[in-house]
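Okay, here's what each chain looks like letter by letter:
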Amino acid sequence: MPVDYFPFLSFPFLTLVPTSYIPLNVLHTHSFTHFNLFSSCFLPIFINSITLLTPMFHPRTSLESIEHGLQNQKLNKASCSAVLSLAYQSLGVVYGDLSTSPLYVYKTTFSGKLSLHEDDEEIYGVLSFIFWTFTLIALLKYVFIVMSADDNGEGGTFALYSLLCRHAKLSMLPNQQETDEKLSAYGVAKTAETWQSFELKSFFEKHRKFRKGLLIFVLLGTCMTIGDGVFTPAISVLSAVSGVRIKVAGLHENYVVGISCILLVGLFSIQHHGTHRVAFLFAPIVTAWLLSIAGIGIYNIIQWNPQIFHALSPVYMVKLLKRTRREGWLSLGGVVLSITGVETMFADLGHFSTLSVKIAFTFLVYPCLVLAYLGEAAFLSRHHEDIQRSFYKAIPEAVFWPVFIVATFAAVVGSQAAISATFSIISQCCAVNCFPHVKIVHTSRKIYGQVYIPEVNWMLLSLCLAVTIGLRDTNMIGHAYGLAVTTVMFVTTCLMTMVMIIVWKQQIVTAALFLVLFGSIELFYLSAAFFKVPEGGWIPLLLSLTFMSIMFVWNYGKLKKHEFDLENKVSMNRILSLGPSLGMVRVPGIGLVYTNLITGIPAIFGHFVTNLPAFHQVLVFVCVKSVQVPYVRAEERILVGRVGPREYHMFRCIVRYGYKDVPHENYNFENRVVSALVEYVETEGKDGDTDSENFDVDVDVSVPGGPAFKLQDYETKMVNSLKEIEESFVGCLETHSALKDESIQILKARESGIAYILGHSYAKAKKSSSIFAKFAIDVVYSFLSRNCRGTDVVLNVPHTSLLEVGMIYYV
C-alpha cells in the first residue's frame, strides 16, 4: 500500500505539498515578525496536511486530486486571512454546542453511585475516558474521516444517505431518471468496481425490505438529531444559570428554572433573523468562552495538580472499570456528553467550508477543551467534596462573575448549532417526502443553505420549556441527551462504513476496521446510556418514536399516491385517438398541469377533460421532483420534452430540486417555463432528431449543437408586450433570424394567460388493507395532509390562476 494512501503515516511527506494553493497576505510590519514566520511557514503546512489527512480512507489520492478538492472548496484563490476569518465565524454556529460541554460533564458523570468513589483514581479514570473519547471520536473520526464524506459541501446523515443513493439503487424516492446523473452536483466518478461494492449494492437492490430498513435507520439518526435540538438548549442554559447558586446560596430552584426559560424564549425569538446574523453576534462570545476556560484550566493545573497530565494514560481507564465495575460503566453515559455537538458540527458543515471548520477545531476548540477538562480534574483531585459543583467552584474568585456572564451567553450560543442543524435536517426531510410540508424561509442571500422554519422553531421552544420545567435537573437531562447523541453517532458510523465500500471502493478490511474501532466505542457508551432510560432516557426514545412515526407514515402515503398515479395514468393511445383537438375546444392560453409522473399522462388530466369541454391551446405537464443531490444549478433545473405529435402542442416540463433547495422560484416561474419551451422548440431537431417521434422523452433544454441561446438574457428582457418579447427573443438567438411558428404560438398563448391545474387528492385505504394501513392512511396521513402546507403554497402558485381538481385515490 503506498504511503500517500495513509498520509498520516509519513509526516515528512506533508511538507512536500506545495504551499501555493493558499497564498498568504504577509504583514510587513516589524512588530509582526514572529506572526509572519508562523503564517508563512507553518500554517500552509498545517492546512495542506489537514487536506491530506481528510481522505486517508478515501480512494487513492494524488496531488492532482488534492488540488481538485481545494478547488471544490473554493479556497485555492482565497488568502490565509479569508480562511481564518471563515474559521472564526464558524465558532458562533458550529462549535457552540461542543464548547459548553464542560459545564455538565463531570457533574453528570459523578451523579450516580460513582459519587461514592471520590478519590484520585476515579477522577483520573474519568479524565482519561474524556480525553480519549474526545480525541478518537471528535478529532479522528469526525474531523479527519467523516468530514471527507461531505455531499458537495453538505454534511449530516442525509448527506451520507444521499451519497449512497447516488452510487447504488437504494433510494425510496420515485421519479428517478438516468438524466439526473448528468447533473454537475451528482459527482459519481466512474471508478473500477470492487467485488465488495458490487455484492453490497446487489444485496440492497434485490431486497426492497432492506432498502426500507435502511431508510428507517437513517430516519432514526435524523430524529435523534432533532432531539439534540431539544436537549442542547435545555441542559446548556440550565447548567449555566444554576452556577449563580454558588454565590447566592439561598436562591430557590424555581428562580433558576424561570431565568432559564426566559433565556430560552429569547434565544428562539431571534432565530428568524437568520444564522448568518446570529453567527456574527455569537462568534466573539464562543471565542471569549473558549479562551476563558482554557486560561482557567491552566490556572487550576498549576495551582492544584501539575501532575494531572499523567491521567491521560489509558491505564487509568482500565483501573476505573476494575475498581468501580458496574458503577463505572454506567457513569460513561456522562462521559459521552463531552462529545455532544460533534454530530451537529457535521450537520452544519454546509454553512461553512470543510477546511475552515477543521482549522477552527484543531487550532482552538480541541486544545481549549482539553485544557478545561484537565484543569477541572486537577481541581477535583484536591476538592472531592465539590464534585457536583466543580465547574463553577474551580473558577478563581476574582474572575467568577465575568466568567459566569460569559458562560451564560455561551450556553445560549451553544444551543444555536443544534437549532440550525434541526432546521437543515427537517428541510431535507421535506424535500425527500419524509416530513409534512412546512414553511421554509431562506435567511441569507449569500449562504443558500441557511434556513429558518417557523413551525419547527416554536415546536422546539415548547419542547425545551417542557423538558426544562418538567425535569428541572441537569443530570436527568444529561441522561436523555447522552442516549440521543450516542445513537446518532452510531448511525453515522454504520453509514460511513457503507460509504467506504460503495462510494470510496475500499477493501472490506478497511471498512471493518473503521466499524469495529468506532462502532465498538459507541456501542459501549450506548449500552451504558440505555440503562439510564428510567432516569430520563425515555424522553429521546419517545420523541424519536413520535417523529419517526410521522416521517414514515408521510413517506408511506406519498409512495402509495405515486403508485396509484402510475397505475391510473392515461395511455398515449387514448390521447392520440382524440385527435389534435383532444376532443374539445382548445382555448387560448397555457395550461400547466402539475403531476408526479415523469412519463405518461396523469389521471388528473383524464378526470379534468371528462368534466370540462375545453382546454388550453398549449398544455405543459409539470413534474416537480427531488433529486439525491443537495443543490441543482438553475441552468440544469428544467428538462423539457414533447408529448405527442407537434400539432398537439403538448409538452412535459420536469423541474428538479436538490434536498437543500426550496421548491419555488425566486424569479418569475412562468417566464422561466415559457423560455424553456421556446428554446426547446427552436433547438428541436438540430442535433439530428427527426420531426416529432419524441412522444414522451425528456430532453435537456441545453441541446448540444443548438443555437447559442442565453436563457438568463432572455429572462431579463422578458416584457409584457408580445412584440417586444419576440424582438428580445430574436436578439438572443445568434443563428436564427426569426422564430418558428410554434414558438410564436407559445408566446401568444403566454400573452393570453397561464392557468395552474393541481390535483387535490384525498387518500383512502382499501377495504382489504390491514389495520395498520387503515390507521396510517385514514387517520394519521389524512390529519397531516389537512394541517400541513398545501402544494400550491409550497410551489408558490398564484391563487388567481389556480384550478384544483379533486380526486380520491385508494391505497
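Residues numbered from 1 in each chain as written. Predicted model: local features only at pLDDT ≥ 70, side-chain atom pairs only at ≥ 80, totals over all residues. Heavy atoms only, no water.

1. As for the overall build of the chain
A tally of regular secondary structure across the chain gives 31 helices and nine strands. Looking at the chain residue by residue over its 811 residues, the buried ones come to 58%. Counting contacts in the chain only where the partners sit at least 6 residues apart, residues at least 24 apart contribute 84% of the total. As displayed, the chain offers around 33000 Å² of accessible surface, 62% of which is attributable to carbon and sulfur atoms. (Helix = DSSP H or I, 4+ residues; strand = E, 2+ residues; numbered from the N terminus. Buried < 20%, exposed > 50% of the residue type's maximum accessible area, 1.4 Å probe, protein only. Contact = heavy atoms within 4.5 Å. Areas by Shrake-Rupley, 256 points an atom, 1.4 Å probe, with all protein chains shown as cover.)

2. Topic: the pattern of salt bridges
On inspection of all chains with the given rule, the structure shows 18 salt bridges. With a closest N to O distance of 4.0 Å, lysine 532 and glutamate 535 form a salt bridge. Here arginine 642 ties to glutamate 742 by a salt bridge, and the two come within 2.9 Å at their closest N and O atoms. In this pair, arginine 642 sits in strand 5 (residues 638-643) while glutamate 742 sits in helix 29 (residues 741-752), placing the two residues 100 residues apart along the sequence. Each member of the pair, arginine 642 as well as glutamate 742, carries the same accessibility label: buried. Here the salt bridges do not stand alone but share partners, grouping Arg642, Arg646, Glu684 and Glu742 into one network. (Salt bridge = Lys/Arg side-chain N within 4 Å of Asp/Glu carboxyl O.)

3. Quick look at empty space enclosed by the protein
For the structure on display, the rule yields eight cavities of 30 Å³ or more. Volume-wise, the largest cavity comes out at about 90 Å³. Taken together, Ile293, Ile296, Gly297, Asn300, Ala372, Gly375, Glu376, Ser390, Phe391, Ala394 and Ile395 form the lining of the largest cavity. Looking at the lining of the largest cavity, the elements that each hand over two or more residues are helix 12 (275-304), helix 17 (354-380) and helix 18 (390-393). At four residues, helix 12 tops the list of elements feeding residues into the lining of the largest cavity. Its residues assigned to classes, the lining of the largest cavity shows six nonpolar, four polar and one charged. (1 Å grid on protein atoms, 1.4 Å probe; cavity = no way out; pocket = protein on both sides within 12 Å on 5 of 7 lines; lining within 4 Å. Points joined across faces, edges and corners; volume = space filled by probe spheres on them. Nonpolar A, V, L, I, M, F, W, Y, C, P; charged D, E, K, R; others polar.)

4. A closer look at helix 13 (residues 315-324)
Every buried residue belonging to helix 13 is among Tyr316, Met317, Leu320 and Thr324, and all of these are buried. Down the axis of helix 13, the smallest arc covering the buried residues is 110°, so these residues share one side. On its buried face, helix 13 is in contact with helix 7 (120-143) and helix 14 (326-330). Just beyond helix 13, the residue with positive phi is arginine 325, at close to 50°. (Arc of directions from axis to C-beta.)

5. Quick word on helix 4 (residues 80-90)
Residues of helix 4 that are buried: Cys80, Val83, Ala87 and Ser90. Seen end-on, helix 4 carries its buried residues on one side only, within an arc spanning 85°.

6. Structural notes on the packing of helix 21 (residues 474-502) against helix 23 (residues 538-567)
Helix-helix packing: each pair is described by the crossing angle between the helix axes and the interaxial distance. Running from amino to carboxyl end, helix 21 crosses helix 23 at an angle of 50°, the nearest separation of the two axes being 7 Å. When the axes of helix 21 and helix 23 are compared, the pair comes out oblique. The residues of helix 23 that touch helix 21, namely those facing Ala480, Leu483 and Ala484, are Ile539, Pro540 and Leu541. Its residues assigned to classes, the contact of helix 21 with helix 23 comprises six nonpolar, no polar and no charged. (Axes fitted to C-alpha atoms, helices over the stretch in contact; angles between N-to-C directions. Parallel < 35°, antiparallel > 145°, perpendicular 65-115°, else oblique.)

7. With respect to the packing of helix 9 (residues 195-206) against helix 21
Packing of helix 9 against helix 21 leaves a shortest axis separation of 8 Å and a crossing angle of 120°. Classed by the angle they form, the pair helix 9 and helix 21 counts as oblique. For the pair formed by helix 9 and helix 21, the contact residues are Gln196, Ser197, Leu200, Lys201 and Phe204 on the first element and Met498, Ile501 and Ile502 on the second. Taken together, the residues that form the contact of helix 9 with helix 21 break down as five nonpolar, two polar and one charged.

8. Concerning the packing of aromatic side chains
One pass over the full model with this rule turns up 27 aromatic pairs. Relative to tyrosine 316, the ring of tyrosine 124 has its centre 5.3 Å away and its plane inclined at 75°; by these criteria the two rings are edge-to-face. Pair noted here: tyrosine 124 is in helix 7 and tyrosine 316 is in helix 13, with a separation of 192 residues, a long-range link. On the basis of an interplanar angle of 80° and a centroid distance of 5.3 Å, the ring pair of phenylalanine 605 and phenylalanine 615 is categorised as edge-to-face. Placement of the pair is phenylalanine 605 in helix 25 (residues 603-611) and phenylalanine 615 in strand 4 (residues 614-626), with a sequence separation of 10 residues. Under the relative-accessibility criterion, phenylalanine 615 is labelled buried at 2%. (Phe/Tyr/Trp six-rings, centres within 6.5 Å; stacked < 30°, edge-to-face > 60°.)

9. Examining the pairing of strand 3 (residues 585-595)
Bridge analysis of strand 3 against strand 4 gives nine bridges, and the strand direction is parallel. The residue bridging glycine 591 from the neighbouring strand is leucine 619, located in strand 4. Pairing of strand 3 with strand 8 (residues 754-764) involves four bridges; the strand directions are parallel. When the sheet's bridge partners are listed, valine 593 is paired in strand 8 with isoleucine 757. (Pairing = 2+ DSSP bridges.)

10. Concerning the side chain of glutamine 628
Of note, glutamine 628 is situated in the loop between strand 4 and strand 5. Overall, the relative accessible area of 6% leaves glutamine 628 in the buried class. Leaving out residues up to four positions away in the same chain, glutamine 628 has contacts with Tyr161, Ser162, Cys165, Arg166, Ser171, Leu173, Gln176 and Tyr659.

11. Let's talk about the nonpolar core
Tyr95, Met345 and Phe361 are the most contacted members of the largest nonpolar core, which totals 167 residues. What methionine 345 contacts, discounting residues up to four positions off in sequence, is Val94, Tyr95, Tyr142, Val143, Met147, Val357 and Phe361. Grouped together as the second largest cluster of nonpolar side chains are 32 residues, Ile757, Ala765, Ala776 and Val811 included. (Core = buried A, V, L, I, M, F, W, Y, C linked by side-chain atoms within 4.5 Å.)

12. Here we look at the environment of lysine 169
Here lysine 169 is to be found in the loop between helix 8 (157-167) and helix 9. Residues lysine 169 and serine 202, 33 residues apart in the sequence, show an inter-C-alpha distance of 8.8 Å. In contact with lysine 169, not counting residues within four places along its chain, are Glu205 and Arg211.

13. What to know about the side chain of serine 626
Along the chain, serine 626 falls in strand 4. Here serine 626 falls in the buried class, since its relative accessible area comes to 15%. Ignoring sequence-local partners within four residues, the contact set of serine 626 consists of Leu173, Gln176, Ala431, Val432 and Tyr657.

14. A few points about the environment of methionine 551
Relative to the helices and strands, methionine 551 resides in helix 23. As a C-alpha pair, methionine 551 and isoleucine 216 span 335 residues in sequence and 9.2 Å in three-dimensional space.

15. With respect to unusual backbone geometry
Phi at arginine 472 takes a positive value of approximately 60°, unusual for a residue other than glycine. Checked against the element boundaries, arginine 472 lands in the loop between helix 20 (454-471) and helix 21. We classify arginine 472 as partly exposed; its relative accessible area is 26%. Here the phi dihedral of lysine 505 falls at roughly 60°; this positive angle occurs in a residue that is not glycine.

16. Some points on a nonpolar patch on the surface
A cluster of nonpolar side chains, namely Trp195, Ile508, Val509 and Leu513, defines an oily patch on the protein surface of about 460 Å² accessible area. When residues of the nonpolar patch are assigned to their parent elements, the largest contribution, three residues, is made by helix 22 (residues 508-530). (Patch = residues over 30% accessible without salt bridge, like charges linked within 9 Å, V, L, I, M, F, W, Y side chains within 5 Å.)

17. What about the confidence of the model for the chain?
Taken residue by residue, the chain gives an average pLDDT of 78. The fraction at 70 or more is 79%. Taken as a whole, residues 1-78 scores under 50 in pLDDT and shows 103 contacts with residues more than four places along the chain or in a different chain. Segment residues 697-737 is flagged for pLDDT under 50; beyond a separation of four residues in sequence, or across chains, it makes 82 contacts in the model. (pLDDT = per-residue confidence, 0-100.)

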